[in-house]
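Chain and residue survey
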Protein chains: 2
Amino acid sequence: MEQVKVFLDESDIPRQWYNILADMPTPMSPPLHPGTGQPVGPDDLAPVFPMNLIEQEVSSERWIDIPEEVLEKYLLWRPTPLYRARNFEKLLDAPVQIYYKHEGVSPPGSHKPNTAIAQAYYNKAFGIERLSTETGAGQWGSALSMACQMFGLECRVFMVRVSYDQKPYRRLMMMTWGANCVPSPSDLTAAGRKIMAENPDSPGSLGIAISEAIEDAVADEKARYSLGSVLNHVLLHQTIIGLEAQKQMEKIGVYPNVVMGCAGGGSNFAGVALPFVRDKIHGKELSVVAAEPSSCPTMTRGPFAYDFGDTAMTTPLLPMYTLGHDFVPAPIHAGGLRYHGMAPVVSHLVKEGIIEPRAFNQLETFTAGVNWARTEGFISAPETNHVIAAVVQEAERAKEEGKEKVILFNWSGHGLVDLAAYEAFLSGQLTNYALPEEEIRRALQTIEQFPKP
Amino acid sequence: MEQVKVFLDESDIPRQWYNILADMPTPMSPPLHPGTGQPVGPDDLAPVFPMNLIEQEVSSERWIDIPEEVLEKYLLWRPTPLYRARNFEKLLDAPVQIYYKHEGVSPPGSHKPNTAIAQAYYNKAFGIERLSTETGAGQWGSALSMACQMFGLECRVFMVRVSYDQKPYRRLMMMTWGANCVPSPSDLTAAGRKIMAENPDSPGSLGIAISEAIEDAVADEKARYSLGSVLNHVLLHQTIIGLEAQKQMEKIGVYPNVVMGCAGGGSNFAGVALPFVRDKIHGKELSVVAAEPSSCPTMTRGPFAYDFGDTAMTTPLLPMYTLGHDFVPAPIHAGGLRYHGMAPVVSHLVKEGIIEPRAFNQLETFTAGVNWARTEGFISAPETNHVIAAVVQEAERAKEEGKEKVILFNWSGHGLVDLAAYEAFLSGQLTNYALPEEEIRRALQTIEQFPKP
């Protein structure tokens, strides 16, 4: 009986998050105020985020203590098991060992609560009483709902109306955890009312939902806004994934040649990768691969430029790979990867050649995901299928090269409430989306006016 | 930071299942052939089950080796963590320690694969190529689909048509794992065609689906039928839950005063309870409590009698608590507990006073389940909410009595694809079902003709 899982005792859970800013080989460009073109300061962000999280956002301390109250909640599902995918290895028949962190064991079924719990805690500690956020498919909204409930905060989630109607299960999770989930556009905000006046049947968009959530938060001094990816402090909280993985691999005396994750805004990928990126910056030889959809090829086809983080142009200008904040990705089922930009930290490391992005099309990701489910058992989220496709590719390369490799990746979440996507795939209704160069060029015109990082 | 989870190393996974038949304080009545009134022999069952499982069904060996191939698949999610529900304890504010086995970490999200994997293995080893089964809400059908895929067996699941239409997610899991899930009644069997001829819009029932699955299996010599609860060998496979729990509690030096599970057919309850029942039979003092719905009060209000295991009267007569095979339970959301009978092993132990049954109504189970989700994070299956209600009751009693208690229960599965039930509850649309005595009496008339055990 060969070992499949490596557990970590609760007493060995990492007590600090890792902040890559302390180890960046070159300085990052700062976020800019869109009006002045000057770097934004903490005060600019104060109406949106609590000051303790703003301090984390700009901190360059290498290690940041995880508060006891956060650790206590983490223990509800962390440390997550490190798995060796022996059955999938057999299927691939390549000279690779495949390890994965199983982040699907959290109550909402993904890595998202790693930062939701932390953000709820810091907001509560700062005296905030209510959080407001947006959600697309609902992974983030459900994670924040649970976190707010656990720290006694109210939670309002603006959920893109078309998802609200078509994907009831995530909405129902939020309801069960006591959050107020409203379809966006809503009549709770000026932004929402304006859209509804123009188009009463608007299906909504993530851009609209972000505008509503920010407006809702800043209008109420006891409320703040919460974001589930992209920002430095969000990536920071996710590093617990990679830090645990390092301890677990050390336990079995293995170190990866390749570390992989799927990347939409970048947080689950950064979570597993950044502690290993640190090793790489300090001389360790390894590949770090971010898998994105070829229908939304931010890192593989977009420029590194200043752009808004949201479609509604309410955020500071962020230095990142972007397809332009006007870019509307094709309706692939991996909703969490349909984002025009990429976390500035991840973008910077791609630009520096430390992280390698690769794009995968929808059909190869679902092929990989179904093979995964039929060997390893677990049904992956459509987002997660992208990194599984990357693992398949890496295994094929290892076979061609006749080289043994140890692969580590983050299995970011399960797909039990995304099964309609599997049905579409298995019944032959899914397609790939070829993305014409003109479409990207057109979307990028909107950012030509901005400064260059 | 107080400990929340107790992991068991894979190398410490139990290598044998525990067979309570070896320790029964009094002999059990045998299953009877409904035609002859004589005990059924192995040959009677041979067209339905493979002989290696029939041998297990009638074995009185105390310990039965778990085959290496089964252990290998178990390791995909086993040993499951033993949790201490510290947050729920705080909410209850009673002198109790609450421990639970988290069976929701399996790929389909419940305890069902513990026996599905074993049954698929034994059928494969016997040369069977295809399994046929029925499913109501879909927990069992999805577990068997995964297990068959892993052992290279075909799988056909007859799913009650109303569930097939209303609960697509379980059906889609089966599809993803490669099974053939058909709505029942279907035109694949004479039984199905007959029903459809009488009523083309028949919503189906578990009784009809069982008839179709058995007919489908016995008509094909390379196929067999598979059952997800009730039978001795199914309960046997589930004892891995309790055996792991014993090792885990031993690790932290705790022994329970009360062991609890929810009971529909009896298998998850038996899984956690039987290894502790063994201790009780040998003199240990503890309570063993089975929680059932008050709308389907098999053990608390039914007689101990011979009855068919299915509505369609195709099984042997089983000695058990029953509400009569004609009994149609109210449409509560805990579909897995809507069963007129109870596993003979569990029934026998109830009759002997070793297991204490208690009934809980729908609203108190969902109240318990929502409080659970809001403290422990995990959203329970509606079935599982019954045992959580039992835990709440036990905690209240401990408080009244001023007695400290250690409670262990089986958290049989998550409710992530049962969220419509939570919505109905949270929006005030759920009700309790008062069950008039006449209704039970009427259903019981159908079994008056049978021998008495």
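Remember, it's a predicted structure, so these values are computed and weren't measured experimentally. (Residues numbered from 1 in each chain as written. Chains lettered and ligands numbered in written order. Predicted model: local features only at pLDDT ≥ 70, side-chain atom pairs only at ≥ 80, totals over all residues. Heavy atoms only, no water.)

Observations concerning the sheet that holds strand β11 (residues 287-293) of chain A
Residues and elements named next belong to chain A. Here we have seven strands laid out as an open sheet, ordered β1-β4-β5-β15-β10-β11-β14, and mixed in their pairing. One side of each edge strand has no neighbouring strand; the edge strands of this open sheet are β1 (5-6) and β14 (356-360). As defined by bridge partners, strand β4 (residues 82-84) adjoins strand β5 (residues 96-102) across three bridges and the pair is classed as antiparallel. Counterpart to L82 in the pairing with β5 is K101. (Pairing = 2+ DSSP bridges. Helix = DSSP H or I, 4+ residues; strand = E, 2+ residues; numbered from the N terminus.)

Side note on helix α19 (residues 437-444) of chain B
Residue and element names in this part refer to chain B. Here α19 has its buried residues at I440, A443 and L444. Each buried residue of α19 sits inside an arc of 100 degrees when the element is viewed along its axis, so together they form one side. Buried residues along α19 sit against α14 (298-301). (Buried < 20%, exposed > 50% of the residue type's maximum accessible area, 1.4 Å probe, protein only. Arc of directions from axis to C-beta. Contact = heavy atoms within 4.5 Å.)

Observations regarding the packing of aromatic side chains
All names here are of chain A. Counting across every chain of the model gives 40 aromatic pairs over all chains. Here a set of aromatic residues connected by ring pairs shows up, and it is made of Y83, F88, Y100, W372, F378, F409 and W411. Seen from the ring of Y164, R171 lies directly overhead, with NZ or CZ sitting 4.8 Å from the centre. A cation sits over an aromatic face here: K284 above Y255, 4.2 Å from the ring centre. (Phe/Tyr/Trp six-rings, centres within 6.5 Å; stacked < 30°, edge-to-face > 60°. Lys NZ or Arg CZ within 6 Å of the ring centre and 35° of its normal.)

What to know about the pairing of strand β10 (residues 258-262) of chain B
Residues and elements named next belong to chain B. Along β10, five of the five residues are buried, which leaves the element largely enclosed by surrounding structure. Taking every second residue as pointing to the same face, both faces of β10 are buried, with V258, M260 and C262 on one and V259 and G261 on the other. In this structure, β10 lies alongside strand β11 (residues 287-293), joined through five bridges in parallel fashion. Counted as the bridge partner of V258 is S287 from β11. Read as a crossover between parallel neighbours, the route from β10 over helix α13 (residues 267-281) to β11 is right-handed. Where β10 meets strand β15 (residues 405-411), three bridges bridge the pair, whose relative direction is parallel. Looking across to β15, one finds that M260 is bridged to F409. (Right-handed = clockwise from strand over helix to strand, strands pointing away.)

With respect to the relation of the copies chain A and chain B
Overlaying chain A on chain B yields an RMSD of 0.0 Å, the required transformation being a rotation through 180 degrees with an accompanying axial translation of 0.0 Å. On the angle and the small slide along the axis, the relation comes out as a two-fold axis. Both copies share a contact surface, since 100% of the interface residues of chain A are interface residues in chain B too. (Least-squares fit on C-alpha atoms with pLDDT ≥ 70 in both.)

Quick look at the interface of chain A and chain B
Opposite the 54 residues of chain A that make contact, chain B presents 54 residues. Of all residues in chain A, M1, Y169 and T176 of chain A give up the largest surface area on contact with chain B, accounting jointly for 17% of the area buried on that side. Counting across the interface, chain A meets chain B through four salt bridges. When the shortest N-O distance is used, the salt bridge between E10 of chain B and K5 of chain A registers 2.9 Å. Among the elements that take part in the side of chain A that touches chain B, helix α8 (residues 168-176) of chain A stands out by supplying six residues, more than any other. (Buried area = accessible area lost by both parts, 1.4 Å probe. Salt bridge = Lys/Arg side-chain N within 4 Å of Asp/Glu carboxyl O.)

Remarks on a negative patch on the surface
On the surface, D9 and D12 of chain A together with D9 and D12 of chain B cluster together to form a negatively charged patch. Along the chain, D9 of chain B turns up in the loop between β1 (5-6) and β2 (16-18). (Patch = residues over 30% accessible without salt bridge, like charges linked within 9 Å, V, L, I, M, F, W, Y side chains within 5 Å. Areas by Shrake-Rupley, 256 points an atom, 1.4 Å probe, with all protein chains shown as cover. Lys, Arg positive; Asp, Glu negative; His and termini not counted. Charge placed at Lys NZ, Arg CZ, Asp CG, Glu CD.)

Concerning the nonpolar core
By size, the foremost hydrophobic cluster in this structure holds 246 residues, and its most contacted members are Y74 of chain A together with Y74 of chain B. Among residues more than four places away in sequence, those in contact with Y74 of chain B are I13, W17, I66, P113, N114, I117, A118, H237 and I240 of chain B. (Core = buried A, V, L, I, M, F, W, Y, C linked by side-chain atoms within 4.5 Å.)

Focus: the packing of helix α6 (residues 139-150) of chain A against α8 of chain A
All names here are of chain A. At a closest axis distance of 8 Å, the pairing of α6 and α8 adopts a crossing angle of 10 degrees. Taken together, the axes of α6 and α8 lie roughly parallel to each other. The residues of α8 that touch α6, namely those facing Q139, G141, S142 and S145, are R170, M173 and M174. A class-by-class count of the residues in the contact of α6 with α8 yields two nonpolar, four polar and one charged. (Axes fitted to C-alpha atoms, helices over the stretch in contact; angles between N-to-C directions. Parallel < 35°, antiparallel > 145°, perpendicular 65-115°, else oblique. Nonpolar A, V, L, I, M, F, W, Y, C, P; charged D, E, K, R; others polar.)

Focus: the pattern of salt bridges
All names here are of chain A. Scanning the model with the defined rule gives 40 salt bridges over all chains in all. A salt bridge links R130 to D220; the nearest nitrogen and oxygen atoms lie 3.3 Å apart. Taken together, the residues R130 in strand β6 (residues 130-135) and D220 in the loop between α10 (206-218) and β9 (223-225) connect sequence positions 90 residues apart. The exposure class assigned to D220 is partly exposed, which follows from its relative accessible area of 26%. Here the salt bridges share partners, and the residues they tie into one network are E356, R358, E394, E401, K403 and K405.

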